[in-house]
Each structure stands twice: as structure tokens, then as C-alpha cells.
4 protein chains.
Amino acid sequence: MVYFDSDYMVGAHPEVMHRLVETNGLHTVGYGCDEFTAKARELILQACGIPAGEVYLLEGGTQTNAVVIDRLLDHNDGVMATETAHINVHESGAIEANGHKVLALPEHEGKLRADDIRAYIRDYNDDDTRLHKVRPGMVYISYPTELGTLYTRRELEAIKEVCGEYGIPLYIDGARLAYGLAANGELTLRDIASLCDVFYIGGTKCGALFGEAVVTRRPELLPRFFSLIKLHGALLAKGRLLGVQFCALFADGLYERIGKHAIAMAIKLKSGFIAKGYRPFIDSPTNQQFFILPNEKIDSLKEVASFELWGPRCEKETPVRFVTDWATTEEDIATLLSSL
Amino acid sequence: MVYFDSDYMVGAHPEVMHRLVETNGLHTVGYGCDEFTAKARELILQACGIPAGEVYLLEGGTQTNAVVIDRLLDHNDGVMATETAHINVHESGAIEANGHKVLALPEHEGKLRADDIRAYIRDYNDDDTRLHKVRPGMVYISYPTELGTLYTRRELEAIKEVCGEYGIPLYIDGARLAYGLAANGELTLRDIASLCDVFYIGGTKCGALFGEAVVTRRPELLPRFFSLIKLHGALLAKGRLLGVQFCALFADGLYERIGKHAIAMAIKLKSGFIAKGYRPFIDSPTNQQFFILPNEKIDSLKEVASFELWGPRCEKETPVRFVTDWATTEEDIATLLSSL
Amino acid sequence: MVYFDSDYMVGAHPEVMHRLVETNGLHTVGYGCDEFTAKARELILQACGIPAGEVYLLEGGTQTNAVVIDRLLDHNDGVMATETAHINVHESGAIEANGHKVLALPEHEGKLRADDIRAYIRDYNDDDTRLHKVRPGMVYISYPTELGTLYTRRELEAIKEVCGEYGIPLYIDGARLAYGLAANGELTLRDIASLCDVFYIGGTKCGALFGEAVVTRRPELLPRFFSLIKLHGALLAKGRLLGVQFCALFADGLYERIGKHAIAMAIKLKSGFIAKGYRPFIDSPTNQQFFILPNEKIDSLKEVASFELWGPRCEKETPVRFVTDWATTEEDIATLLSSL
Amino acid sequence: MVYFDSDYMVGAHPEVMHRLVETNGLHTVGYGCDEFTAKARELILQACGIPAGEVYLLEGGTQTNAVVIDRLLDHNDGVMATETAHINVHESGAIEANGHKVLALPEHEGKLRADDIRAYIRDYNDDDTRLHKVRPGMVYISYPTELGTLYTRRELEAIKEVCGEYGIPLYIDGARLAYGLAANGELTLRDIASLCDVFYIGGTKCGALFGEAVVTRRPELLPRFFSLIKLHGALLAKGRLLGVQFCALFADGLYERIGKHAIAMAIKLKSGFIAKGYRPFIDSPTNQQFFILPNEKIDSLKEVASFELWGPRCEKETPVRFVTDWATTEEDIATLLSSL
């Protein structure tokens, strides 16, 4: 069996695992006050080109979104995001559980448009009853999006501009950031770091056992964040585990290599499907590839490969998703394609 | 100047006010444990035909929605409502502030459809990732709706049926219930009480100074509700003020008379506009009437009458709203129509 | 029967009621944007001597405490208060329901001491684990206290000083403020307004039907407060009802007169009890009087007067409480005393 | 340097780490729906002697307490615990952030007494104003306590009895459960499982990298717990990491061995201190040992050993804490004792 269900099905990249084993017996202080976490912070800020920025290491994506958004929003504020945004659909209502409304805007191939954001805020500002409404208090996007697509530099700059215009922060969910960076020559990690206010570098789906690094070039946006992390039950006692992993990912270009490998595999997979005449459900340049397959083809493919239907099974043909990661091999792809 | 802005612009109906004055000097115990509140409960349950039901008196509509919905939903549950529902648009995020998502469904002339509810729940149930999503835990509708429209008996029965099918409660926001009951021969107060699980009889907009009566034929749905009301800051110290008002409204058919008067005025207003060739923005049978007027007509009318634009001013003509209540007089209508 | 249970047993002072009746038929805009509310704001700021301050009118005490404290505290902050504070004991957990811990400190005749506050904050600041703890973020006191006692000017100044030292706000719950001001030559309304950051002038227990006026000399402490009031379900649709009442209370010295009357009655009551040899449970100068009475005396007194035991009935004698207000008459006192 | 600061300073026990490495490259489904988690559940239920029970694997202690308590309490309920309980002191207000009050009761060597619980509930039940108060809705204790002490069977049975009497659940925080079980012949894991309603088996401090296993013999107490875990941001994507670790801990008696080793080291340490004439701050039978040391002795000891002051440094002598775990060696103890 070959596996393309998701990018959280295997453990950590061997180099990450190696560092965890190597450091396992060392004694360090807890709660992320250790030297590994300090080093990870330094490496990340360097890689992002924001030496005066700040980094916090958390455990998972839903948790990270919940804590960051809870910090960035005032009472009565909502977070603008696409209807299909992870926070709007797949986080069990975590944002609302912390008291905030997700203000769902239209999506265009998984992306939010600057114009829609501006229109929403203008309507709010023009509304005589606005004090009875939820105030649009920040923007959430993901890079790559849930559909594997990427914002262009121009699109992201436009969103940054509208946020700046209205003085609200832009937050990027980078659960799969490695793949976004590897897929696209246009935006680098430094670009991401400077184009938004807060973002997170996904570890869980990009080669770590678990862990996400919240990064900001504006530390004043996250006051008292340590206590807030603790209050949300998101502070790891053996915090150095996060530090060790992010050191491994950022010390020697590993994060970049992981991204590039998964993208290379994804491109092979995509080309193979297209060569065999299948049409993409959406044109994704990243490690998630979506195709529309006849149901009987899905059934036969399921005998050799594990992957997800994208939505409910339709009558004749159904969109499916294939995800690559650090563990995907050329052989996996060959096996999959040969079964098409 | 004549006033048609809303139904909360004047004080209480004189009969209500009279009872408040008359009882002002009496000593009673606090927090709604008094005899007036007991009597109001009895009168309301009698009028609703549910002697084994329960009644709680609260202060205002947003507060009532927040407390009831907080009680009816479990963690992780959301409330289904139309996109235009008061709880989704005009309550400053009160539902989310208590931890719950509003699951916005399409509206049809302000109304929610049983089929849309069923489809939403089915999609949720069929979704493999449903445990990562917000569970649809109850249905919220308003009667009349925000647009003044009314559910037919058949529409309401269909919603009750789908709720029953999936074991979730149906809650009706009756902020303007008096006008819904007076406008429509099809549904009585008893019908409302039996067709939903919990509803509230609006006082604020229907002749009281303030106050809403939460009614349920299933008291087990609102366990420990007294303490929850207190916890939400919604428990009135001089609770008998609510009791006295609802006694006045329900002792002698006053609630019905108030509804009928406002509807009579609304019909006169509507006929007058139609006779003069204006077309309704929506065909409302209740005390809110919506017309599309040329902007210059709006400007001239504003010199004699106070009323609201319904949405932002458009280029040439704009929808406007006229609201009647117990205080609207034949003269008010005549003045308005003569200025058309 | 004569009534001394509490100060929320009767309706509004006749002058307040008169104004409500007089203005009942007027049309005004809703939600406190009316001229009566504006006038009330002006009168209150004038009476407080803080023309650049701000006033917000809410409905009840628990609600007011919840909304103000929710606004003043950051995530992870707690509110310091005495163990016996209303917010710690009798608000059904409303403060916690909004996410904040009540940090209970010792009480001394119902009062909080500056030294205890300072010691608590110092311990917190000196604690290496403080980022894992709840930060003391504000001080809550009531004036008068739950036990009817009053802070001296020196005590209040000392608390203000420690709050200033650590940059945290001091909030005063003035549910019974009228009685505190009338009882004591030392502190005026202006003193209160300048010695704390935010306080509320109690209406419900001091002559209004309902209503509390939040006052601050530092409006920047309560940003976006209107929307927060709405979000908490605490915004009255017919907001002018609060404006009319506070206009009545502050236009012609009525608030002061109500306080003085109740205090005069309380002093008569107190003197009468002492003259008959009963000893106070606590020496209160305000409208709540506490005496320790033999149980058989309590039983016989209960036949002519209504009042509360202060805590559970003890074996032989039990503390009881008598409360006066605007409606207490010389005859009531005479009846009570003659039955001793 | 030898380390006695805490039991979260090193990584996982080598056998746990070995299993993580060994399984690192396997593909499994996410979110704890994998076979390792299923196996861990089975092993734990077997070890606890409650085959019909249920197990949930979470990431850390504060998080686990927050999620479990949020599930067990209704609105308006509080959790009874000692003043020194972890949830009351060292979780940044996480319980309150979820809306619940910690009802702090006296502690006796770190322990809660059944009599204090009963008295508290009785007072609540007897209080006429109880509906205005926070209802005592559950009991939280830790085993071992924060001070390393252990409840006797009789003490625990008495608490279970009072909980049963009033129909409220008893929850045990077992962050250091391995050490409690190893120290004491009186109570086994099966005893713990049957004497409380819900408890957690601490992994983080007892040999795992991270992870806590929530166990209940009454699964109906934790309905829809998966979604609640997700909502709290506590659901690990690569959930099998927890499963693998708990399999390692429970497959071959490792959890027991880890406990026994740490206790053996603690006893050596304790005997050594006592032999040299130092007196314990508290008589702890578990892996936390507390002694009162002269300040100059603390200073000299700090040159070879790392450990924590227990509270602020006093004038002449100060209580300090030494903690052992799986990584503590005979040599560490020898080094420490030889420096005394």
C-alpha cells in the first residue's frame, strides 16, 4: 500500500528524530526557557530576516490559530476568512469557543481577495448599526490554502495594503508553509515574514513530530503571550522538544529540503495524472493534488493506494486528493501511477 | 413630526404604565419570586395552553437570545439560523461571546426552510470529518422575521418535524410576536407554544417598558435556568416589574389588542402607499412595512416623518421601513400618506 | 407588616416614577442615544466634577460588574476583592463566566486593605512562576461594603496609591452609593469620582426602578464600551428609560435626599435597638443595620416585621439585618421598635 | 552538575524513545484513530481493571485539567479543590478562562478532606441565596499532591462517599501518578480507577516525552469528548505518538518500573538528608522531597546540584525541593549527598 492521505501520517523526518534521540538524556529547564528553544528562535528570526521579531513554539495548528486569534482580537471583534478556511470549518468551533465570530467571505480557488475584505470593512464602517455588529478585527489567510493554491506577491501585497489602511493585523496560517515556499519562486520566507503581521511556520505537516512556530515582526502585537499560551493549555512542559525540532528544521536548510522533496513528488504525480488524461479538480502547485476520477477508477486505485475523497462521493466521478510529504518516495509515485 | 422608525421609541402602553404606578409602593420579595411574577407565569401558560410549562422573565431580546441559546447548546454545538437573523447580524457577537457558532443558512423572504435545515444536518452527519466541525445543535427562527414576514403553519410544522427527526430544539425569537399573532389567522399563541420547544413573547417592542417572557412546554430543557440568568447579569433585582407588566399585557387581552391596533395601522399605511403607486420592497403582513421610494421622495418625506432607510442609500431609489406600534395613530398615518 | 428585608422591595421613588409617566408618550431614538440619556450624562459628570469623563447607563449591578470587569481586565488577569465581595459570592460566577478569576483577599469589617493588595502584588511579582499564575489586574471594592461599612478617605487614598504604583485600575461598586454618601461627611461624590478609575452609581437600590450609571474620569479605560454592553445583552432598547430616571435622580438633588432619608431612618432604628440593649453585629453607619438578636425575639419580631437573618440560624441568638430606603417611614421604625 | 529541579527536565525513558523511533516511518491515520492508540487504550483499561471504561490521550497536564473540568461542569458550577491545587495556582487561570470558578478549600499537607467538602456542600444547600452562588459541581484532587503526599485508602473512600452522596464526580489529577503508585502499597492503579470517576495517568512527568491518559470507568460522563478535545486545541494530528508512548509505558510494566526507580532514588535521598540531620519540610513518600536547609548550605549545594527553592528565600533557612525521575542515578544521589 502507498499512502497519500495526508501529511501527518508518518513521524518526523529522520534528521529531526535523530536530534530528539541525541538530546533525549540532557537536562534542561522546562516550558521553553531552554537553550534549544532560544537557538530555534534565533535561527527562525534569521531565516525570516526579522532579528527584532519574536517567536513562540506551540504544539498544533488548531491550537495555534486559537491562541493567536484570541490574542489579536478585542472583545466584539471577528476574524475575516474565506468560507472554506480551516478556522471556519474544521476546528470544531475553537474560535467561537474563545468568543469570536469568523466572518466568512467568498473564496476564489481557496483564496481571499483584498477587494472583498475592503468591501466588507467599508460596509461595516458605513453601517449606522455597526456598533450592534461584530467588528472586522483581523484577516486570516492560509499559505498555501486548503486547496493547495498560493497567493501571488501582488495578491498578498494588496491584502497587506487593505489591512494597513484600516489598521488591522494580517495573520497567515502556515500549516503547510514548507510546501508553499518550495513550490513558488515568487515568495520567500522573508517575504511572508514582512508581508504579514503574525504567521506560523508549520512543523507538524512539514517534517516535525509536532509543533508550530508563531513568528511576528511586531512583538508588541502579542503581549503576555507566554501566560496566554499557558492559559490555553498549550504550553509544553518539556518545551525543549519543540526547540530541538525547529533547530533541526532550520539549522541546515532541512525545512527547505523537505518542502522541495514533497513538491518534486507532487509534480511527478500531477504530470502522471495529466499524462493519463485526468483533469485536475483545481490547479494546485503544492503538495496537495486534486483530481476528478471516475468512481470505478477510485475503487480500483484504493486497492494499492490510500487517499481521500474530497467531499462526498458523486454519482459517476468524484474529486480526490493526493498529498505528498518528506516520506513520499519515487517508488510510491510509480506504484500509484502504474495503477491508474 | 410623525414617527415610524421602530417599535421601541415610546414608553409602555398606558395600561401597563398604569399598573406599574399603581403597584409602585408595594413591598415584594426580589428576583422574580414575587406574586406578580407568579401570576404572570400563570396567565402566560394559560394563554399558551401549556399548564405544565415554564416561564422566565428577562429584560431584553439580545440578552434573552444569548441566555436561552447558551442553555440549549452543548459545547461544540452551533445554532442554525438565516444569514439575516438578528443573532447573526445585530447582536454584537453575543452568541459567539458565549462560545457558540451561528451556522448561517440561506434566507427566503427572511425565512429559514426546513429543507435547508435537513440538508445541512445530513451533510454534517455524512461528513467523515464531522467530529472536527461544529455540530448543528438547534434551530433559531424569528416570528415575525426581521423582514416582517410570517411562517405558514405548514412551514413551521415542517421545521418542527426536521428538528424532531434529529432531536434538536426549535427556538422562536418572538420579539414582535404580538404583531405576528394579530396579522395572521393561521397561527395562534397556542400553536406557537406547541410547535416549538422554547420561544419568547416579546414585551419591549409590544407595549412594555422592557421585558421578554421565555416560555417552554418542556421545562427540562432549561435546567437551573434561574442561576444561568443571574450568571448572565440578566436577573432583575426588582423582578416584579416584569411580572406586573406581563400581568397587564395578559390579564385582559391587552397583548392581543396592542397587536391588532398596530396591524390595523400597518395595513392602512400599506394600502395608502400602494394606492399611490409605490411598490413594496417585500410583502409584509405585520407591523413593519417596506417600500422602495425615490430618493427625492425620501428627502421630502423626512421633513414630516421619521423612518429608517433599509440598507445604504442607493443611487435613485432606496428601500425604507415604516414601523407601527401601540402609539401609532390614525392621524400619524394620515399625515404620512398626505405627504407622499 | 413593616419591611426591612432589602432596598429592592419597592418600586421607584415617586419623583422618578412621575418623570417616567410624564415622558412615557414621547418618541426618542433607542439604545441610549436619546436626549434624556445625554442630559443624565451631563448631570452626572457635573455632580462628579469630571466634565471630561464618561457615563454609561446599564440595568443592574451584577451585569454592571461583569461588563466593567470584562473590559478592564486582559486575558489571564484576575480581580482582587475581599472574600465576602459580591462578585466573589453572590453573582453566580459571572466574573468567571467571562473568563476571569476573583483573587480573594482577607476582609476587615467588609473592607479590603491597601497593605494586603500590595503584599499580594509583591508576592506575585517576586514569584518565579508568576507567568503560570493569574496576574492581579485590578482592584474591586464596594462603597458601602456588603456589611454597610465605609472606607475612610485615608483608606481609599492608600488603595488608590497602591493601584497607581502598579498601574492597575481601581473600580468601586456603588450599588448603595447614595447611602454611603449620605452617611459620611468625609467623602463626597466628587471624592469617589477622583479616587477611583471607574465606579458605578447605584440606581436600583437607591430610588430607581432599575439602572446603574458607570462613571469614569478616564474614558480611555472603557474603549468600544457600547458594543461590549450590547454583546453582554446589557443594552436597553428603550435606553431613555435609564436616562429619564438618572435625570430625575440628579436634576434636583433627589439622589442625595434619598440617601439622607434612608440614613436618618437607619440611625433611628439603630439608636432604638441600642437603647433597648441589643448589640450590633457590626457597627454600620449606612442603611444596612446588623444586630444580634435572641432567636425567640427574632420569632416574635417576624410577626410584625419582615427582615433577613444574616447567615444560618444559630443556636440561641442570630445576626439579623434591617435595611432602610426611600420608602421607609417613621411609622415603620416606630412599629419595629415598639415590637422589640 | 546533578539535576533535581523537576521531573520534566529530560526526554523520554529510553524504551519509550526506542518505540517512537521504531515506529517513526509507519503510516497511520491521524487524530488518534490509529491502532497504537487503540492498543494503548486496551492496555490501560486492562491495567485499570475497567474493560468497559474509556481512555483519551491528551498532550499536557494543564490542558487535560481544563478539558476534563470543562466537560464535567455545567454552567454556574465550580470545582472544589485545595487552595494549593495546581488548577488554583499554577495554570494561569485556565479553569476560569473556560468559565468556571475554583472553589478553594483548606489543605492539610496538600490534601483535601472529605469533611471540608461535605461542610461546603451543606452550607451551599442550606443557603437561601444559593441560586445566586456558584454550585459546587465536582471535586478535584491530585495523587500525589503538590506536596508529594498521598491520600490513604480511607481518606479517598471518604471523599468518594461524599461525592456519591451529592451526585458529583470526583476527578484525580495524576500528573505524577507513577510515583504515587510506586510509593504506597495501599492503593493500586485499579483502586484509583474505581475510587474516582475520571482521572488521568500522567505521562509527561513519568517517562514520556509528553502525554496524559484520561481514564474513566463511566464513559457517559465525557460525551462528545473527541470534539471537545479538538475545540480546546488539544487534539494531536499525529495522535499515534501518544498511542505509541502509552503502549510502551503499559505493555511491559514500564510505567511501574519508572515509578519504582524514582521512589528508590527518593528514599535514598531522603535517608541521606535525615542521616545528616536535616529535617523534612513535609514528610513526602514520593519522588518530591522537601527539606529545610540553611541558606549557606543551599548556596554551596547549588554549585554541584540544581534544585528549586520552595517559596521565597527566607532569612536563615529555606525549604527546598528535590525531585527524582527515571533519569536519576545512584551517582546523582551520591554526588548530592556527599556535598551536604
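Just so it is clear, the model here is predicted, and its values are computed rather than measured. Within every chain, residues take consecutive numbers counted from 1 along the sequence as written. Chain labels run from A onward and ligand labels from 1 onward, assigned in the order the entries are written. Whole-chain, interface and lining totals are the exception, using all residues; otherwise, since this is a predicted model, local features are given only for residues with pLDDT of at least 70 and side-chain atom pairs are given and counted only at 80 or more. As a rule here, side-chain values come from all non-hydrogen atoms in the structure, and water together with hydrogens is ignored.

Enquirer: Is there a simple way to think about the overall build of chain A in this case?
Expert: Only DSSP runs of H or I with at least four residues qualify as helices, and only runs of E with at least two residues qualify as strands; both kinds are numbered from the N terminus onward. Check the secondary structure of chain A and you find 14 helices and 13 strands. Radius of gyration: over C-alpha atoms. The globule rule applied is 2.2 Å multiplied by the number of residues raised to the 0.38 power. The C-alpha atoms of chain A give 20 Å as radius of gyration, which agrees with the globular expectation for 340 residues (20 Å, within 12%). Here the C-alpha coordinates of chain A stretch approximately 60 × 55 × 35 Å along the principal axes. To sort residues, take the accessible area from a 1.4 Å probe on protein chains only and compare it with the maximum for the residue type: under 20% means buried, over 50% means exposed, and anything in between is partly exposed. Taking all 340 residues of chain A together, 64% fall into the buried category. Note on contacts: a residue pair qualifies if any of its non-hydrogen atoms lie within 4.5 Å across the two residues. Intrachain contacts of chain A at a sequence separation of at least 6 include 73% that bridge at least 24 residues. Note that accessible areas follow from Shrake-Rupley with a 1.4 Å probe, and for residues the cover is restricted to the protein chains shown. Summing over all exposed atoms, chain A offers an accessible surface of approximately 11900 Å²; the carbon and sulfur share of this is 50%. Charge separation in chain A, taken as the distance between the mean sites of 35 positive and 47 negative side-chain charges, equals 2 Å. His is not counted, nor are the chain ends; Lys and Arg add positive charge and Asp and Glu add negative charge. Each charge is placed at NZ for Lys, CZ for Arg, CG for Asp and CD for Glu.

Enquirer: What is the right way to look at the environment of Ala94(A) in this model?
Expert: For Ala94(A), the position within the fold is in helix H5 (residues 94–97). Counting along the chain gives 77 residues from Ala94(A) to Met17(A), while the straight-line C-alpha distance between them is 30 Å. Other than its neighbours up to four places away in sequence, Ala94(A) contacts Thr62(A), Ala66(A) and Leu231(D).

Enquirer: Got a minute to help me understand the sheet that holds strand E12 (residues 308–309) of chain A in this structure?
Expert: The strands making up a sheet associate through backbone hydrogen bonding, with each pair oriented either parallel or antiparallel. All names here are of chain A. The pairing criterion for strands is at least two bridges between them, as found by DSSP. Taken in spatial order, the 4 strands make up an open sheet running E9-E10-E13-E12, and their pairing is antiparallel. Each edge of the sheet is formed by a strand with only one pairing partner; in this case those strands are strand E9 (279–282) and E12. Of the strand pairs in this sheet, E9 and strand E10 (residues 288–294) are connected by 3 bridges, and their pairing is antiparallel. Across the sheet, the residue bridging to Pro280 is Phe291, located in E10. For helices, the fitted axis covers only the stretch in contact; all axes are lines through C-alpha atoms, and the angles between them, taken along N-to-C directions, range from 0 to 180 degrees. Here helix H12 (residues 254–275) sits on the sheet in contact with E9, E10 and strand E13 (317–323), set at roughly 20 degrees to E10.

Enquirer: I tried to follow the pairing of strand E2 (residues 54–58) of chain D on my own but got confused; where do I start?
Expert: In regular strands, side chains alternate between the two faces of the sheet. Residues and elements named next belong to chain D. Counting buried positions along E2 gives 4 out of 5 residues, so the element sits mostly inside the fold. The pairing of E2 with strand E8 (residues 212–216) spans 5 bridges and is classified as antiparallel. Directly across from Leu58, in E8, lies its bridge partner Glu212.

Enquirer: Which parts of the structure should I look at to understand the confidence of the model for chain A?
Expert: In low-pLDDT regions, the fine details of the predicted coordinates are not to be read closely. As a per-residue quantity, pLDDT reports the predictor's confidence and falls between 0 and 100. Put simply, chain A has an average pLDDT of 97, and 100% of its residues get 70 or more. Quick note on the complex model: pTM equals 0.97, ipTM equals 0.97.

Enquirer: Sorry if this is basic, but what is going on with helix H2 (residues 35–48) of chain B here?
Expert: Each α-helix turn comprises 3.6 residues. Residues three or four places apart therefore point the same way. Residue and element names in this part refer to chain B. An ideal rise of 1.5 Å per residue puts 20 Å on 14 residues; H2 measures up with 20 Å between its terminal C-alpha atoms. When we look at burial in H2, the residues that qualify are Phe36, Thr37, Ala40, Leu43, Ile44, Leu45 and Cys48. Taken together, the buried residues of H2 touch helix H1 (14–22), strand E2 (54–58), helix H9 (189–195), strand E7 (198–202), strand E8 (212–216) and helix H11 (240–251). One side-chain oxygen of the residue at the start of H2 lies 2.9 Å from the amide nitrogen of Phe36, identifying that residue as Asp34. Looking one or two places after H2, you find Gly49, whose phi comes out positive at around 70 degrees. Here a helix's expected span is defined as the number of its residues, less one, multiplied by 1.5 Å. We call two N or O atoms a polar contact when they sit within 3.5 Å, provided that within protein one can donate a hydrogen and the other can accept it, with sequence-adjacent residues counted only if both atoms are side-chain atoms.

Enquirer: What is the right way to read the pattern of salt bridges from this model?
Expert: Should the charged atoms of two oppositely charged side chains come close, the side chains can pair. Every case where a carboxyl oxygen of Asp or Glu lies within 4 Å of a side-chain nitrogen of Lys or Arg is listed as a salt bridge. Applying the stated criterion to the full structure yields 96 salt bridges over all chains. For Glu42(A), the salt bridge identified is with Lys39(A), shortest N-O distance 3.7 Å. A residue pair is termed a helical-turn pair when its members lie 3 or 4 positions apart in one helix, as Glu42(A) and Lys39(A) do in helix H2 (residues 35–48) at 3 residues. Relative accessible area serves as the criterion here: at 46%, Glu42(A) is assigned to the partly exposed category. What emerges from the salt-bridge pattern is a single network uniting Arg71(A), Arg224(A), Asp74(C), Asp77(C) and Arg135(C).

Enquirer: Looking at this model, I keep getting lost on the packing of aromatic side chains. Mind explaining?
Expert: The description of two aromatic rings rests on the distance between their centres and on the angle between their planes. Aromatic pairing here means that ring centres of Phe, Tyr or Trp (its six-membered ring) are within 6.5 Å. Orientation follows from the plane angle: under 30 degrees is stacked, over 60 is edge-to-face, and everything else is tilted. On inspection of all chains with the given rule, the structure shows 46 aromatic pairs over all chains. Measuring from centroid to centroid gives 4.8 Å for Phe307(A) and Phe322(A), while their planes differ by 35 degrees, and the two rings are tilted. One end of the pair, Phe307(A), is in the loop between strand E11 (305–306) and E12; the other, Phe322(A), is in strand E13, and 15 residues separate them in sequence. Residue Phe307(A) is classed as buried on the basis of its relative accessible area, which comes to 2%. With a centroid separation of 5.0 Å and 70 degrees between ring planes, the pair formed by Phe290(C) and Trp310(C) is classed as edge-to-face. In this pair, Phe290(C) sits in strand E10 (residues 288–294) while Trp310(C) sits in the loop between strand E12 (308–309) and strand E13 (317–323), placing the two residues 20 residues apart along the sequence. Assessed through its relative accessible area of 0%, Phe290(C) is described here as buried. An aromatic cluster is present here, built from Phe4(A), Phe273(A), Tyr278(A), Phe291(A), Phe307(A) and Phe322(A) joined pairwise through their rings. Across from the ring centre of Tyr151(B), 5.9 Å away, lies the NZ or CZ of Lys111(B), which sits over that ring. Two limits define a charge over a ring: the Lys NZ or Arg CZ must be within 6 Å of the ring centre, and within 35 degrees of the ring normal.

Enquirer: Would you take a moment to explain the relation of the copies chain D and chain C for this structure?
Expert: What relates the pair of chain copies is a rotation about an axis plus a shift along that axis. Once chain D is rotated about the relating axis by 180 degrees and shifted along it by 0.0 Å, it coincides with chain C to within an RMSD of 0.0 Å. In the structure described here, the two chain copies are related by an operation that fits a two-fold rotation axis. Same-surface contact between copies: 100% of interface residues of chain D are shared with the interface of chain C. In this comparison the copies share one frame, found by least squares on the C-alpha atoms of residues holding pLDDT of at least 70 in both.

Enquirer: Explain the interface of chain D and chain C here, please?
Expert: Bring the parts together and some accessible area is lost; that lost area is often taken as the interface size. Counting from both sides, the interface comprises 18 residues of chain D and, opposite them, 18 residues of chain C. Throughout, the accessible surface (probe 1.4 Å) given up by two parts as they are put together, summed over both, is called the buried area. When the two sides are added together, the surface that chain D and chain C hide from each other amounts to roughly 1300 Å², 46% of it contributed by carbon and sulfur. Of all residues in chain D, the largest losses of buried area upon contact with chain C belong to Ser92(D), Glu96(D) and Lys101(D), amounting jointly to 38% of the total for that side. Taken together, the links from chain D to chain C amount to 2 salt bridges. Counting the contacts that link chain D with chain C gives 14 residue pairs in polar contact (both at pLDDT 80 or more). Taken together, the elements giving at least two residues each to the side of chain D that touches chain C come down to helix H4 (86–89), helix H5 (94–97) and strand E4 (101–105) of chain D. Charged means Asp, Glu, Lys or Arg here, nonpolar means Ala, Val, Leu, Ile, Met, Phe, Trp, Tyr, Cys or Pro, and polar covers whatever is left, Gly included. Of the residues belonging to the side of chain D that touches chain C, the class tally is 5 nonpolar, 9 polar and 4 charged.

Enquirer: Can you help me understand the sheet that holds E8(B) in this one?
Expert: Residues and elements named next belong to chain B. Strands sit in the order E2-E8-E7-E6-E5-E3-E4 across an open sheet of 7 strands; the sheet is mixed. Lying at the two open borders of the sheet, with one neighbouring strand each, are E2 and strand E4 (101–105). Along the sheet, successive strands turn relative to each other by an average axial angle of 25 degrees, direction set aside. Packed onto the sheet, helix H3 (residues 61–72) meets E2, strand E3 (77–82), strand E5 (135–142), strand E6 (170–174), E7 and E8 and runs at close to 175 degrees relative to E6. Contacting E5 and E6, helix H7 (residues 153–166) crosses the sheet at an angle of about 140 degrees to E6.

Enquirer: Sorry if this is basic, but what is going on with the nonpolar core here?
Expert: Note that soluble globular proteins tend to have their nonpolar side chains buried in a common cluster. Among buried residues, the Ala, Val, Leu, Ile, Met, Phe, Trp, Tyr and Cys ones that are joined through side-chain atoms within 4.5 Å form a nonpolar core. If you look at the biggest cluster of nonpolar residues, it comprises 136 residues, and the most contacted ones within it are Val139(A), Phe199(A), Ile201(A), Val139(D), Phe199(D) and Ile201(D). In this view, Val139(A) contacts Val79(A), Met80(A), Leu112(A), Ile117(A), Ile159(A), Cys163(A), Ile168(A), Pro169(A), Leu170(A) and Tyr171(A); residues no more than four positions away in its chain are not counted. Counting residues in hydrophobic clusters, the runner-up holds 134 residues, among them Ile44(B), Leu105(B), Cys196(B) and Ala248(B).

Enquirer: Is there a simple way to explain the interface of chain D and chain A in this structure?
Expert: Taken together, the 43 residues of chain D in the interface contact 43 residues of chain A. Taken together, the links from chain D to chain A amount to 0 salt bridges. The tally of links from chain D across to chain A stands at 20 residue pairs in polar contact (both at pLDDT 80 or more). Residue assignment for the side of chain D that touches chain A shows that the elements contributing at least two residues are helix H1 (14–22), helix H3 (61–72), H5, helix H10 (225–231) and helix H11 (240–251) of chain D. Among the residues forming the side of chain D that touches chain A, the class breakdown is 21 nonpolar, 16 polar and 6 charged.

Enquirer: Would you explain the relation of the copies chain D and chain A in this entry?
Expert: In screw terms, the move from chain D to chain A is a rotation of 180 degrees and a rise of 0.0 Å along the axis, fitting with an RMSD of 0.0 Å. In this assembly the copies share their binding face: 100% of the residues contributing to the interface of chain D also contribute to that of chain A.

Enquirer: What is the right way to read the packing of H2(B) against H11(B) from this model?
Expert: Packed helix pairs are characterised by how far apart their axes lie and by the angle those axes make with each other. Residues and elements named next belong to chain B. Look at H2 against H11: their axes get within 7 Å of each other, and the N-to-C directions meet at 35 degrees. Seen along the crossing, H2 lies across H11 with a hand that is left-handed. Between H2, through Phe36, Thr37, Lys39, Ala40, Leu43, Ile44 and Ala47, and H11, the contact on the second element is made entirely by Arg240, Gly243, Val244, Phe246, Cys247, Phe250 and Ala251. Helix crossings get a hand from a simple test, with the near helix turned counterclockwise from the far one by less than a right angle marking a left-handed crossing and a clockwise turn marking a right-handed one.

Enquirer: So what exactly am I meant to see when it comes to helix H6 (residues 114–126) of chain B here?
Expert: Residues and elements named next belong to chain B. In this model, H6 (13 residues) spans 18 Å end to end at C-alpha, consistent with the 18 Å of a helix rising 1.5 Å per residue. Residues of H6 that are buried: Ala114, Ile117, Arg118, Ile121 and Tyr124. The arc enclosing the buried residues of H6, seen along the axis, measures out at 130 degrees, which places them on a common side. Residues Asp115, Asp123 and Asp126 are exposed on H6 and point more than 90 degrees away from its buried face. In this fold, the buried residues of H6 make contact with E3, E4, E5 and H7. The arc under discussion is defined with respect to the helix axis, by the directions toward the C-beta atoms.

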